[in-house]
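Each chain, letter by letter, is given below.
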Amino acid sequence: MTQQGTIAVERMDGSAAVQAQEAFRLIYAEAFAEPPYNETEDDVVAAFRRFPPQAREHAFRAALARTEEGEPVGMAYGHPLGPDSGWWDELTVPVPADMRREDGHRTFGLMELAVRGPWRGQGIARRLHETLLESMQAERVLLNVHPGSRAASSAYRTWGYRKVGEARPWGTGADLHDVMLLDLR
């Protein structure tokens, strides 16, 4: 089923995103319940235990897509990586020190980007991505993507991301993810 109609994309700061947390949660739960993620309700609870602290991070930003009726259909969010970020520590093969150097401004960490099934294939993910990165001062964007998610991996490559390594985010029990980097300058 393909949904038609106008989709509005709104950029938000952390406090607005926390107020809209249930919309983010609904999108996350539906999108990441599907293969290859197969996230359970416990996974969703854990993710949204982290959401308010992430939203309080310096320069957190989010984008939320809704139908004309207000139904949430897609979301993206992240924040700049601080000097003590552990993101680079999760790579299976270390990268050069200059690549992993963080100062709280250099790299924007894209934590999540998802669109609910019925609204995929309409350019909403691209609009969310563009809205999130609009007026971005960071030099680059870093993300993890499950290689089994071919559509997401393909979209990121089309948008200019390149694979810089592999990681097991959130610990050793996680699936191996591709670590991708987009140079903004």
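Up top is the structure these notes are about.
We now turn to the structure provided with this report. (Residues numbered from 1 in each chain as written. Predicted model: local features only at pLDDT ≥ 70, side-chain atom pairs only at ≥ 80, totals over all residues. Heavy atoms only, no water.)

### A look at the side chain of Ser-153
Alright, step 1. In this fold, Ser-153 is placed in helix H6 (residues 150-158).
Alright, step 2. Given the relative accessible area of 4%, Ser-153 is considered buried. (Helix = DSSP H or I, 4+ residues; strand = E, 2+ residues; numbered from the N terminus. Buried < 20%, exposed > 50% of the residue type's maximum accessible area, 1.4 Å probe, protein only.)

### Some points on the environment of Val-145
Alright, step 1. Assignment of secondary structure puts Val-145 in strand S5 (residues 140-145).
Alright, step 2. You can call Val-145 buried: its relative accessible area is 2%.
Alright, step 3. Between the C-alpha atom of Val-145 and that of Arg-185, which follows or precedes it by 40 residues, the distance is 22 Å.
Alright, step 4. The residues touching Val-145, leaving out its near neighbours within four places in the chain, are Ala-152, Ser-153, Tyr-156, His-177, Asp-178 and Met-180. (Contact = heavy atoms within 4.5 Å.)

### Topic: the environment of Met-12
Alright, step 1. Tracing the backbone shows Met-12 in strand S1 (residues 7-12).
Alright, step 2. Counting along the chain gives 75 residues from Met-12 to Trp-87, while the straight-line C-alpha distance between them is 24 Å.
Alright, step 3. Not counting the four nearest positions on each side in its chain, Met-12 is found in contact with Ala-17, Ala-20, Phe-24, Phe-60, Arg-61, Ala-62 and Leu-64.

Function-wise, these values are silent; they only describe arrangement.
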